[in-house]
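# Descriptive analysis of the structure
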Amino acid sequence: MIKIREIDYNSSKTDKAAFIKAYLNIFNSSENLKYLSFTGIPFTQVMVANWVESLCEESEIRYRIAIFKEQIVGVSVLKMNPLLGFELLGLAVHPDFKKQGIGTKLLNDCISYSNEYKSIDAIVFADNKPMLILLIKNGFIPVAMKNDYRFDGVNTLLLKRNKNNDT
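Because the structure is a prediction, the values reported are computed rather than measured. (Residues numbered from 1 in each chain as written. Predicted model: local features only at pLDDT ≥ 70, side-chain atom pairs only at ≥ 80, totals over all residues. Heavy atoms only, no water.)

For the structure shown, the criterion picks out seven salt bridges. Of the charged contacts, one joins R62 and E6 as a salt bridge, the two residues approaching to 3.5 Å between their closest N and O atoms. Here the residue R62 occupies a position in strand β2 (residues 61-68), and E6 occupies one in strand β1 (residues 3-7), the gap between them amounting to 56 residues. As far as burial versus exposure is concerned, R62 and E6 are alike and both buried. One salt-bridge network, held together by shared partners, links E6, R62, R64 and D109. (Salt bridge = Lys/Arg side-chain N within 4 Å of Asp/Glu carboxyl O. Helix = DSSP H or I, 4+ residues; strand = E, 2+ residues; numbered from the N terminus. Buried < 20%, exposed > 50% of the residue type's maximum accessible area, 1.4 Å probe, protein only.)

Let us now look at the environment of L135. Within the element layout of this structure, L135 appears in helix α5 (residues 129-137). Once residues within four sequence positions are removed from consideration, L135 is found in contact with L88, L107, A122, V124, F140 and L159. (Contact = heavy atoms within 4.5 Å.)

Counting across every chain of the model gives 12 aromatic pairs. Counting every residue linked through ring pairs, the aromatic cluster contains F19, Y23, F27, F43, W51 and Y63. (Phe/Tyr/Trp six-rings, centres within 6.5 Å; stacked < 30°, edge-to-face > 60°.)

Function cannot be inferred from these measures alone, as they are strictly geometric.
Given below as structure tokens:
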């Protein structure tokens, strides 16, 4: 059974260290990095550790993790800003655990977590077909495109899910 929970400023040092290790393993995997980095440069331990250490109660960024048998197998990164809105900044599943519904669980968690916001934005590289399919199946619609946005010239799509249409 997959459990979803948050890594935040109150998380233990052990949990934060496990998160940093898992984040690097998942986001830097050859299957995931090209869909999660505008530059193609792998994330570093110092970079991720600084992000985690900068968390506080007022942080706009939220890290949600999917856990299976005590192992972090997926991560979503959310941004909440009362002026700019709610954005899904990243969602990735460990390559060994793909096609098991973990991405769907993380996305559903994101949708639930965004309860006070009227919409959710997500920017996705145009060649990330699995993520585009997941988002569209869950009510996101493409609303804009930026050309040549990734280091290799791939475009990005902005997708939006208007929660006013939820039933």
